[in-house]
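Take a look at the letters that make up each chain.
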Amino acid sequence: MTPNRWPTGTFMHRLTDELRSELLELGILRTYPPGHILIKQGDHSTSVWLLLDALVKVTGTVENGVEATLAIRVSGDIVGDMSAMDGAPRSATVTTCGHAVCQQIKGPVFRSFVARRPAVALALSQVIADRLRWSNQRRLDFAGYETKICLARVLIALISRHGRATGDGTSIGVPLTRAELGLLVGARKITTQKALRELAADGLIRRGHRDVVVTDLAGLTKLAGLQFPSEPYL
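Parameters and conventions
- Residues numbered from 1 in each chain as written.
- Predicted model: local features only at pLDDT ≥ 70, side-chain atom pairs only at ≥ 80, totals over all residues.
- Heavy atoms only, no water.
- Helix = DSSP H or I, 4+ residues; strand = E, 2+ residues; numbered from the N terminus.
- Contact = heavy atoms within 4.5 Å.
- Core = buried A, V, L, I, M, F, W, Y, C linked by side-chain atoms within 4.5 Å.
- Buried < 20%, exposed > 50% of the residue type's maximum accessible area, 1.4 Å probe, protein only.
- 1 Å grid on protein atoms, 1.4 Å probe; cavity = no way out; pocket = protein on both sides within 12 Å on 5 of 7 lines; lining within 4 Å.
- Points joined across faces, edges and corners; volume = space filled by probe spheres on them.
- Nonpolar A, V, L, I, M, F, W, Y, C, P; charged D, E, K, R; others polar.

1. Things to note about the environment of Arg-178
Okay, step 1: Structurally, Arg-178 can be placed in helix α6 (residues 178-184).
Okay, step 2: Spatially, the C-alpha atoms of Arg-178 and Ala-143 are 21 Å apart, while their sequence positions differ by 35 residues.
Okay, step 3: What Arg-178 contacts, discounting residues up to four positions off in sequence, is Thr-192, Gln-193, Leu-196, Arg-207 and Gly-208.

What follows is the structure in structure tokens.
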């Protein structure tokens, strides 16, 4: 991916060409197979990974063993930055969803780079603010809507970031199982499947293997109580 084509809102997109080039000289280029764990929850490592050509999922597990999918990260994003900055144990697990090309940068090296480059610190703070908005919005959705509406709102959120046109609509653009979609909205798999069936019966989506295609974006947006695409939904 060329430097000026990083997805909007990602860490790399927020940097100048000069800063991107300098950052890419700090680490080691690595490739990983699907299902590889880049970061494990609870570890005390501090490296960061720049996702150059990758899709990863961020998951967390509570003490009783229940797992939740917290976020999806794509090419241009950065993962592992919190522990690099504060030295605390990893708060989540990051796993590749396909073949991944990443730049690994040691924590102290990245921290030094951020300290001497105010524009990088600003970009990182903007990324963290986006993540906080996503987290806050999910909590509000869970508190205020039934699963079907929560799912509709998450599908719109994914499309606003990662969507791609298909022959019959707009794909959410990330390969997620139904169980993983359920974890994003805090619902059990059976509840998520029921909500997906209802959305499909309403003519709003088409379910595929590890994909959801929104066939009526206007209708789904109306159901979700949102406006799209005038304002990205975080």
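2. Some thoughts on the nonpolar core
Okay, step 1: Grouped together as the largest cluster of nonpolar side chains are 30 residues, with contacts concentrated most on Leu-151, Leu-155, Leu-158, Ile-172, Leu-176, Ile-205 and Leu-220.
Okay, step 2: Secondary-structure elements contributing two or more residues to this core are β5 (67-74), α5 (147-162), α6, α7 (189-201), β12 (211-214) and α8 (217-224).
Okay, step 3: In terms of residue count, the dominant contributor to this core is α5 (nine residues).
Okay, step 4: Among all residues touching Leu-220, those that are not within four sequence positions of it are Ala-152, Leu-155, Ile-156, Leu-199, Leu-204 and Val-214.
Okay, step 5: The next biggest cluster of nonpolar side chains, apart from the first, holds 20 residues, and it includes Leu-23, Leu-52, Ile-105 and Phe-110.

3. Structural notes on the layout of surface pockets
One water molecule sets the probe size; rolling that probe over the atoms shows where empty space is left.
Okay, step 1: Of the pockets and cavities examined, the largest pocket occupies roughly 1,100 Å³.
Okay, step 2: Residue lining of the largest pocket: 46 residues in total, with Val-58, Leu-70, Ala-71, Arg-73 and Arg-131 positioned closest to the centre.
Okay, step 3: At the level of secondary structure, the elements contributing two or more residues to the lining of the largest pocket comprise β5, β6 (78-79), α2 (81-86), α4 (118-144), α5 and α6.
Okay, step 4: For the lining of the largest pocket, the element with the highest residue contribution is α4, accounting for ten residues.
Okay, step 5: Partitioned by chemical class, the residues of the lining of the largest pocket number 25 nonpolar, ten polar and eleven charged.
Okay, step 6: For the second largest pocket, the calculated volume is near 160 Å³.
Okay, step 7: Lining the second largest pocket, in full, are Pro-7, Ala-54, Leu-55, Val-74, Ser-75, Arg-161, His-162, Gly-163, Arg-164, Gly-173 and Val-174.
Okay, step 8: Grouping the amino acids of the lining of the second largest pocket by side-chain chemistry returns five nonpolar, four polar and two charged.

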